[in-house]
Each structure stands twice: as structure tokens, then as C-alpha cells.
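Observations on chain architecture
Letter by letter, the chains look like this.
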Amino acid sequence: MSHLKKILLILILSVGYFSNAQEIRISGRVIDQQENPIYFANIVLLNPNDSILVQGTSTNEDGTFALESLHSGNYILQASYIGYILYSTSLNITTDTELSDIVLKVDTQELQAVEVTKDLPVLEKKAGKLVFHVANTSLSSLSSYEILQQTPGVLTMGDVISIKNSKTTVYINNRRVYLDDSELKSFLQSYAGSNVSDIEIILNPSSKYDADSGYIINIQTNKNVSVGYKGSLEGTYKQGVYSKYGLGTNHYYKSNFLDIYAGYNINQQKWYKEDQGYIQFYQAQQLDDYWEWDMYKTSKYTSHHLNTIFDFTLDDSNFLSLSTNVSFQPNHHVDNQVQTRNYTSTRDYIGGNNALGVLENDNTNIAVNATYTKEINDRNSLSLQTNYVYYHDTSTQGLNTSFFDANEELSQENFLETDGDQQNTIFTAQGDYSMEMQTESLLDFGVKFARISSKSEMLYIGSYVPINASDDHFKYQENNLSLYVNYSKDWDTWSFQTGVRGESTSISGVSQALGEINGQDYFELFPNIGLQHQLSENHLLGIYYKRGINRPRYQSLNPYRYYINEYNFISGNPNLTRSIENRVGLEYTYSDNFIFDLYYQNIKGDLNRFSFQDNENKFLYNAYFNAEEFYQYSLDFTYYSYITKNWFVSLYSSAYYYNIGFEAIESDPEVVNLDTFGFFGQLNNWVTLSKDRTWRATVNLEYLTGFYFGNYYLNNRFKTSVGLRKLIWEGRGEFNMNLADVFNSVNVPLKIDYLNQNNWYSARPETRVLTLSFKYKFGNYNLKDNQRDLEIKEQQRLEEEAEL
């Protein structure tokens with residue numbers, strides 16, 4: 001054979017060899033011991049002789065991976081993931097190979113030594129709830145309230161936190177927070193977001209939860225893992241119209257017997273707000289005076305928050321926890337300036353007034369909890385819990401009003417001064433027993449007693465007293481005894497849950513000015529049921545029904561008045577009573593990532609905040625009232641997924657029809673029905689910007705249109721927020737930056753327009769706020785701790801004055 005032929009033959013064989021080598025492919029899937037796919041696990045292929053890396057990749061969202069363009073031969077394949085034992089195996093590859101599932105086992109020693117920092121989905125669906133993972137995102141630099149504002153499906157309006165346009169109750173580590181709307185907002189604003197691990201959205205709570213819980217937001221904080229000490233120091237700076245500062249420190253020590261956590265936060269706040277508005281008064285159905293006003297409000301305060309927890313491990317099956325939570329907000333100072341211009345029906349100027357108001361407020365909230373847990377065996381457990389809450393609020397307000405005629409000449413001056421005081425004590429005791437049966441079923445039952453006492457007074461200490469106002473002392477007492485049983489079972493492709501809660505309630509309210517005006521004794525049953533069927537691997541169908549109750553909040557019963565000016569005030573309503581809710585829905589889930597929820601909700605006697613204008617005496621007042629009926633039909637859609645391995649997206653949307661009927665108190669008493677079609681949408685993005693995963697960003701968008709806030713109508717509200725997070729010093733340092741309401745578009749006007757009611761206002765508090773924070777971890781900072789907060793159920797129904 002000639003040399004040329006030999007060379008050609010060698011070339012042909014070489015091409016054939018390398019062509020075949022490039023076609024060899026290795027594929028497989030990585031799962032955990034529960035057969036769940038592990039996303040972003042590291043896959044490497046090594047040379048067995050010198051352990052040099054040949055090729056590497058990471059797993060997809062479903063745990064699959066592929067290595068391509070390989071030569072035939074011997075290799076070592078390794079799969080690894082933080083918190084799991086390294087998997088390693090030898091391979092001899094001659095052709096395309098699909099490996100059997102690679103099962104990674106949990107490395108308990110590694111878990112005790114380091115904090116698991118894997119990239120969990122930011123949003124995921126679990127049984128009966130959506131879980132929003134907050135840890136390791138830039139949101140952890142914000143307050144807990146600001147985190148809720150960016151939680152998928154959660155809507156904040158004024159002081160109110162809601163889900164699906166409905167009452168929502170906040171829990172922390174499965175313990176209900178007993179504060180009313182404005183107090184809850186203030187508390188969550190001072191509770192550091194760095195404590196928060198997850199936000200759970202529970203849409204169909206079982207009978208284990210209180211019947212008046214409605215939808216539930218459960219804030220989960222970090223849990224303890226191993227022995228050691230760690231601590232952190234965090235500083236926060238916020239810039240809106242005014243600067244705001246915060247400083248927090250957390251310390252944790254764990255031994256085999258005792259876990260100790262102590263956290264303290266101090267926040268110095270100063271906020272600015274502008275309002276504009278008008279009222280068109282009527283006389284005998286004809287246009288009367290027209291008033292317009294501008295308000296400028298500045299509030300400043302320093303809040304202190306202290307939380308301590310002592311967890312005792314008595315033995316392998318007995319545990320005791322003692323917790324205290326103290327919130328203190330002294331010298332809350334509010335300055336109001338309200339300028340009002342008065343016109344005739346033909347818009348001729350007839351004068352006006354200028355009101356200068358000052359409010360001084362001190363607030364103290366102390367909560368103590370003791371919980372004993374006994375694990376009787378692997379299937380049965382008993383929990384006993386008691387809580388005590390003390391709440392005290394004092395306030396003094398002064399209002400100086402100067403009246404001017406059409407020539408701007410001073411015609412009259414009034415000075416209004418009031419003192420207010422409110423004290424609440426809450427005691428609860430409850431026991432819960434859980435039995436896990438052998439047939440994949442669970443039985444829970446329990447009992448709870450709650451006693452609430454409230455005393456408040458309002459005194460007019462000046463010489464001037466406004467129309468229809470007088471001194472008052474108000475005493476309120478509520479006793480509630482509840483029993484519940486809940487049963488759940490899983491079999492084959494079915495899942496079933498049902499339960500019932502019975503509550504006996506006795507209420508007594510006595511007003512010095514009005515006499516005994518609110519005595520109620522009633523017993524109600526609150527059933528719930530849910531059934532799910534796995535139609536196929538990617539299709540899950542469910543139906544549910546729940547009956548619930550909403551009781552008046554303590555402060556909303558208090559006849560106390562907060563005056564914006566002499567003709568515009570917020571007050572309590574001692575005649576409030578309970579409302580009853582029924583909700584039924586159909587839920588469909590596709591491939592775990594696409595969730596559809598079609599539901600109908602009806603509330604008899606819905607408790608809502610309404611504003612009414614008194615056309616005869618010419619003033620505007622705002623208070624809670626029982627509506628005749630509220631109902632809505634809604635179709636909600638939730639989607640979440642990794643678009644790429646570094647980009648996670650969640651989408652929530654709700655299209656609804658909303659109807660509320662209420663007694664038009666100032667309009668020849670009749671029932672008025674207000675209705676609207678509306679839409680609420682949120683698009684949240686989380687992006688990892690660097691290969692070492694120390695740079696992360698968030699971009700969140702929100703849109704709301706067609707919504708009634710009481711009897712005020714709101715339309716076209718848009719909000720954009722962005723955030724950035726950077727880890728330094730091997731994770732010991734953490735820098736966060738967030739900008740809320742980038743385009744300053746969240747504040748939109750609210751309007752009332754029916755019968756003889758016609759008023760409008762635009763409230764513009766600071767919403768575009770830049771937050772900068774830095775956190776430093778010291779000690780064994782990789783430990784996870786037992787920090788959590790202590791608040792209980794009845795405490796949520798305390799209320800400070802809400803703001804218009």
C-alpha cells in the first residue's frame with residue numbers, strides 16, 4: 001500500500017473515531033430521599049487517573065442533566081449539593097447512556113456546621129398554602145411590613161392588609177398577632193425583615209385556626225439547628241421626604257438543654273403626608289356649599305422593640321418555651337395643618353378656616369407566652385399554651401381653628417383639647433392534641449379560652465366642645481370558649497380534609513354617655529371541608545368550603561374621636577356586631593406552577609370602614625359600620641417558575657366582580673349597593689447577577705384598578721419597587737438597597753359619589769423611599785437560630801386611630 005493510501009486510511013479512521021466520540025451523551029436525574037428533584041445540583045465528570053475535570057454542568061428545575069460530546073472511556077461522575085453527601089461513581093462509557101436516578105442523602109454533620117444557602121424557589125405551592133421565601137433576597141433588609149407589601153397576592157391599602165379583597169389575619173410562627181390595623185402596621189414596620197425566613201399564605205385554614213381568622217399570613221422566622229453562639233448588628237437608613245434610621249442587634253446561644261434568643265430594634269422615624277380634597281354639600285337634594293381643603297401632616301416617633309425567647313429541652317419528648325415581647329413607642333408627635341376654603345353652590349368664595357392640630361401619643365405593648373409541648377410518641381403530641389397581653393395607649397390632642405370671612409378677616413377662633421386613655425388586658429389558654437393515624441390520616445382537636453378586658457375614656461378638657469360630642473368612659477369585656485376537631489386523610493390520588501369549630505362568645509359594652517349599648521351572647525359553628533384529586537401527574541383538582549366570623553375590633557368599638565379639623569374626624573362605633581362569612585371555591589393546578597382559583601364569597605354584616613357627610617351640620621366622619629351584605633366572584637391565577645437558572649418569576653392576578661350593600665345613614669336611610677369589576681396583578685422578578693451568587697436583584701410590579709375601600713372608589717394604582725443585595729467577607733457582611741414606588745405612582749385619589757354624598761380626597765404620604773442597610777454577622781454566624789416573635793390572637797384586635 002502506498003504511503004498516500006495509508007495516510008488517507010488513517011484520516012478516515014480518525015474522523016470516524018472522533019465523530020463517534022462526539023455523539024456519546026450521558027444523561028440522568030438527581031433527586032433527594034423523598035424523590036423530589038434537586039434543582040441546580042453540581043454534576044462533574046472527572047478523569048479517573050488524575051481527577052482532572054473533563055466536563056461539568058448543573059441540574060435543571062426537574063433535576064435532569066446531560067453531558068454531551070464525550071469520548072468513550074472510563075470516568076468518575078460526581079453529584080453534589082450543599083447539605084447533602086457527595087455522590088461518586090465510576091463509569092465505563094462506550095455509547096449514549098441514561099443513568100438511573102441519583103439519590104442524594106442529607107449530610108446531618110454538614111447541616112450542623114453550616115447554614116444551607118441553596119437557591120430555593122422564591123415562591124412555591126405546598127399543601128393548602130403558598131410559601132414565599134424571603135431569606136437570601138434583598139427584601140430581608142426591609143421591615144416585615146414592607147416585605148408583606150411585596151408578597152404575591154397581598155394588597156395593602158392605608159393601614160389594612162388584605163388577601164383577595166378580604167379580611168386577613170397575621171400570625172408569627174403559627175401564633176396570632178393580636179393588634180388592630182394601624183397598630184399591626186406600626187408593629188410590623190419596626191420588626192426587622194432580617195428575622196423573616198418565609199411568608200406563608202394560607203387560603204383555606206383548617207378548624208385549628210380561630211374562626212375569625214379569614215385568610216392567614218403566617219410569618220415564619222429562622223429555626224435552630226446546632227450548638228453555639230452567633231450574633232448580628234444591622235443598621236438601616238431610609239430617605240423619603242425626611243430621613244429615617246434604624247439599628248438592630250440579635251444574639252443567640254444554643255446548648256443541648258437551653259436555647260436563648262434576644263433581639264432589640266430601635267427606629268427613629270419622621271414621615272410627611274399631604275392631602276387634598278373637597279366636599280359638595282346638599283340641601284333638600286339641591287347643591288349647597290362646596291368646601292375644599294389642603295392638609296400637611298408630619299409625624300415623628302422613636303420605637304423600641306425587644307424580644308426574648310428561652311427554649312428548654314427537658315428531655316427527648318418534653319419541651320418548654322418562655323417568650324416575652326415588648327414594644328414601646330413614647331412621644332409620638334403629630335402636627336397637622338388643614339386649610340379649608342368655603343364656596344357657595346355657584347363657587348363664590350365665602351371664607352374659610354385654618355386648623356392647627358397637635359397629637360401627642362404614648363404606646364406600650366407587652367406580651368408574655370408560655371408553651372409546653374410533649375411528644376407522646378412518633379404519632380401523637382400534646383401542646384399547652386397560655387398568653388398574657390397588656391396594652392396601654394394615652395393621647396392628648398389640641399386643635400386651634402381660626403375662621404376667616406370672604407375678605408380674609410379673622411371672624412372667630414375655637415380651641416379644642418381632648419385627653420384619651422385606653423388599657424387592654426388579654427388572657428388566653430389553649431390545649432391542642434394531634435394524632436397521626438396508621439392509615440395516612442391525621443386527627444387534631446383542642447380547646448381554647450380567651451378573656452379580653454378594655455377600658456377607655458375621652459375627655460373634652462377645653463371650653464369648646466364640637467357638635468354631637470361629649471365626655472365618655474367605655475368598658476368592654478369579651479369571653480370566648482372554643483372547641484375544634486379537624487381530620488385529614490390522603491389515599492391513592494385523593495386528599496380530604498374536614499373540620500368544625502364551635503365558639504361560644506359573651507360580650508358586654510358599656511358607654512357612660514350612651515348606656516349599655518352592646519351586649520351579645522351567641523354560639524356559632526364553623527365547618528370547613530376540602531377535597532383534592534390528582535387527575536394525572538400534572539393535573540390537580542380541588543374544591544373547598546369554609547364558614548367564618550369577623551368580630552369588631554376593640555378600638556373600633558371605642559367612641560373616641562380623632563379630629564383632623566373640627567369638621568372632619570375619625571371615631572369608633574360601639575354598636576358594631578359580628579359578621580358571618582361563607583366561601584366556596586374550585587381550584588385547579590397544572591404542573592405545580594399554574595394555579596387557578598375560582599371562588600364565591602358572601603359576608604353578612606361585613607365590617608368595613610365608611611365615610612359619611614352630614615349635610616345638615618356640614619361635617620365628614622369616618623368609622624366602622626356593619627354593611628348589609630358583601631359578595632364577590634373572583635378568578636385568581638398564580639404562576640411561578642425559573643425562566644433561567646438565574647431568573648425566577650412569579651405572577652399573581654385576580655379578576656373580580658365586587659358588590660357591597662350598606663345603609664346610607666345620611667341619605668334618607670336606604671340600602672345603597674356599590675359594585676365594580678376590578679383587576680389586581682403582581683409581577684415579581686428575582687435575578688442572580690453574579691456567578692458566585694453574591695449579587696442579587698429584585699424588580700416588583702403591581703397594578704390595581706376597580707376597587708372599593710369602604711364606600712370610597714379607587715382606580716388605576718401602579719407601583720414599582722427594585723432591590724439589590726450584595727454579600728461580602730464570605731457572607732459575614734450583607735449590603736442591601738431597595739427603592740419603593742420608583743415612579744411615585746401608588747397614591748391615587750379616592751371618591752364617594754352616590755345620592756347626596758359627593759366627596760373626594762387624594763392622600764399622598766411618603767411612598768417613594770430609598771432604603772440602605774448593612775448587616776454584620778459575628779460568632780458562629782452560619783448557625784441557624786430560634787428567633788421568632790411572640791404575639792397572640794386577641795391582640796390583633798387592638799386599634800390605634802386609622803389615618804384617612
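Residues numbered from 1 in each chain as written. Predicted model: local features only at pLDDT ≥ 70, side-chain atom pairs only at ≥ 80, totals over all residues. Heavy atoms only, no water.

**Describing the side chain of Lys244**
Topologically, Lys244 is positioned in strand β18 (residues 243-254). Among the residues examined, Lys244 registers a relative accessible area of 1% and is labelled buried. A distance of 3.0 Å separates a polar atom in the side chain of Lys244 from the backbone oxygen of Tyr242. In this structure the side chain of Lys244 is engaged in a polar contact, spanning 2.6 Å, whose partner is the backbone oxygen of Lys270. In contact with Lys244, not counting residues within four places along its chain, are Thr236, Tyr237, Lys238, Gln268, Gln269, Lys270, Trp271 and Glu766. (Helix = DSSP H or I, 4+ residues; strand = E, 2+ residues; numbered from the N terminus. Buried < 20%, exposed > 50% of the residue type's maximum accessible area, 1.4 Å probe, protein only. Polar contact = N/O pair within 3.5 Å; in protein donor to acceptor, adjacent residues only side chain to side chain. Contact = heavy atoms within 4.5 Å.)

**Things to note about the pairing of strand β22 (residues 349-375)**
Bridge analysis of strand β21 (residues 318-343) against β22 gives 24 bridges, and the strand direction is antiparallel. Directly across from His333, in β22, lies its bridge partner Glu360. Where β22 lies against strand β23 (residues 380-404), 24 bridges are found, and the strand directions are antiparallel. Residue pairing for β23: Val368 is matched across the bridge by Tyr388. Count of turn residues in the β22/β23 antiparallel hairpin: four residues. (Pairing = 2+ DSSP bridges.)

**Here we look at the sheet that holds strand β31 (residues 568-571)**
In space, the four strands of this open sheet follow the order β30-β31-β35-β34, with mixed pairing throughout. Looking at strand neighbours, the two that pair on one side only are β30 (561-565) and β34 (607-614), the edges of this open sheet. Going across the sheet, the axis of each strand differs from the next one's by a mean of 20 degrees, ignoring polarity. By the bridge criterion, eight bridges tie β34 to strand β35 (residues 619-626) in an arrangement that is antiparallel. Looking across to β35, one finds that Phe610 is bridged to Ala623. (Axes fitted to C-alpha atoms, helices over the stretch in contact; angles between N-to-C directions.)

**Topic: the packing of aromatic side chains**
Summed over all chains, the structure comprises 44 aromatic pairs. Taken together, a centroid distance of 5.8 Å and an interplanar angle of 15 degrees make the contact between Tyr278 and Trp760 stacked. With Tyr278 in strand β19 (residues 258-283) and Trp760 in strand β45 (residues 757-765), this pair connects stretches of sequence that are 482 residues apart. By relative accessible area, which is 19% here, Tyr278 ends up buried. Under the relative-accessibility criterion, Trp760 is labelled partly exposed at 23%. Members of the aromatic cluster, each reached through a chain of ring pairs, are Tyr563, Phe569, Phe610, Phe612, Phe619, Tyr621, Phe625, Phe662 and Tyr754. Note that Lys270 overlies the ring of Tyr242, its terminal NZ or CZ placed 4.2 Å from the centroid. The positively charged end of Lys618 is found above the aromatic ring belonging to Phe281, 5.8 Å away from the centroid. (Phe/Tyr/Trp six-rings, centres within 6.5 Å; stacked < 30°, edge-to-face > 60°. Lys NZ or Arg CZ within 6 Å of the ring centre and 35° of its normal.)

**Thoughts on the sheet that holds strand β6 (residues 87-93)**
Strands sit in the order β3-β2-β5-β6 across an open sheet of four strands; the sheet is antiparallel. Either end of the sheet is taken by a strand with one partner, and the two such strands are β3 (53-58) and β6. Put simply, the sheet's adjacent strands are angled 20 degrees from each other on average, direction ignored. Relative to strand β5 (residues 73-80), strand β2 (residues 42-46) runs antiparallel, the two sharing five bridges. When the sheet's bridge partners are listed, Asn42 is paired in β5 with Ser80.

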